[in-house]
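What the coordinates show
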Amino acid sequence: MYKLLVRVPFFGIVLKIFNSYAYDGDFRADDRFASVYCWLKAYLFPFLFSIAMASLMMPDVINPFLPFCMQLGYKVEAVPGDISTSIFPSLLGFGIGVYALVFALEKRLVQDLQNSFMKPNSTSSDQGSALLLNTEMALPLVVIALTLAVAVLQKALIGSVLLNFLAWLSLWLSIYFTVELINTLFMMGEAHLSQSLKGDD
């Protein structure tokens, strides 16, 4: 079933990258779905965070579901589609440029990362590989691309409450995974500098 789905144009690309991220970059992500636990572990918090933030951006929609003492008294004038299409194209271009760093990684650094997944006393599960770096860079770019697609639809159908919510949701999801990408780059830089210092010794 999985192998058939990943052959579907566009959808298959997105599914493959999302599944690989849930699988911690494990080689098995090319052949099968990651477990439900892996998907929840990878995406539950980001989506809950994004849903909460998107809801706060639409007080008129969520106020009817809140007690009177918890009513949101502010009004959001910003259009999520405008925000996304103004900031994310530049971020997408930057991210693609940063993605090229994967191909410039030192072999020793990549091998050390792979060894960390293979240690018997590793705190990680029995899945994962150094390909996680590849996935952690690809996922934010895919999320940003999807955010731009939703933003264009939201601007075209400005009156749609559902698209407005999805535009806010995808915007915050993109911000979340962009921070994750920054964290990945930080850890790569730290590992590279540590290797350089060891080499000098």
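Everything numeric in this text was worked out from a predicted model, so none of it was measured. (Residues numbered from 1 in each chain as written. Predicted model: local features only at pLDDT ≥ 70, side-chain atom pairs only at ≥ 80, totals over all residues. Heavy atoms only, no water.)

1. Some words on the overall build of the chain
Each helix and strand counted, the chain has eight helices and zero strands in total. Here the chain, with 201 residues, has 37% of them falling under the buried criterion. Sequence-distant contacts, at least 24 apart, represent 69% of the contacts inside the chain between residues at least 6 apart. Looking at the chain as shown, the accessible area adds up to about 12,100 Å², and 69% of this sits on carbon and sulfur atoms. (Helix = DSSP H or I, 4+ residues; strand = E, 2+ residues; numbered from the N terminus. Buried < 20%, exposed > 50% of the residue type's maximum accessible area, 1.4 Å probe, protein only. Contact = heavy atoms within 4.5 Å. Areas by Shrake-Rupley, 256 points an atom, 1.4 Å probe, with all protein chains shown as cover.)

2. Describing the nonpolar core
With 18 residues, the main nonpolar core has F18, Y21, Y43, L139, V143 and F177 as its most contacted residues. Mapped onto this core, the elements with two or more residues apiece are α2 (11–22), α3 (36–56), α7 (132–156) and α8 (161–200). The element best represented in this core is α2, accounting for five residues. The contacts of Y43, once residues within four sequence positions are left out, are I17, F18, N19, Y21, A22, L139 and F177. Counting eleven residues, the second-largest nonpolar core is a separate cluster that includes L148, W168, L171 and W172. (Core = buried A, V, L, I, M, F, W, Y, C linked by side-chain atoms within 4.5 Å.)

3. Quick word on the packing of α2 against α7
Remark: α2 packs on α7, axes separated minimally by 9 Å, with the N-to-C direction vectors making an angle of 135°. Of the possible angle classes, the one that applies to α2 and α7 is oblique. Crossing of α2 over α7 shows left-handed handedness. Residues V14, I17, F18, S20 and Y21 of α2 pack against T135, E136, A138, L139, V142, V143 and L146 of α7. (Axes fitted to C-alpha atoms, helices over the stretch in contact; angles between N-to-C directions. Parallel < 35°, antiparallel > 145°, perpendicular 65-115°, else oblique. Left-handed = near helix turned anticlockwise from the far one by under 90°.)

4. Re helix α5 (residues 80–99)
Helix length check: α5 (20 residues) gives 26 Å between terminal C-alpha atoms against 28 Å at 1.5 Å per residue, within 8%. Every buried residue belonging to α5 is among P80, G81, S84, F88, L92, G95 and V98, and all of these are buried. (Expected span 1.5 Å × (residues − 1).)

5. What to know about the confidence of the model for the chain
Mean pLDDT for the chain: 84, with 82% of residues reaching 70 or above. This stretch, residues 121–125, has a pLDDT under 50; its non-local contacts, to residues over four places away or in other chains, come to two contacts. (pLDDT = per-residue confidence, 0-100.)

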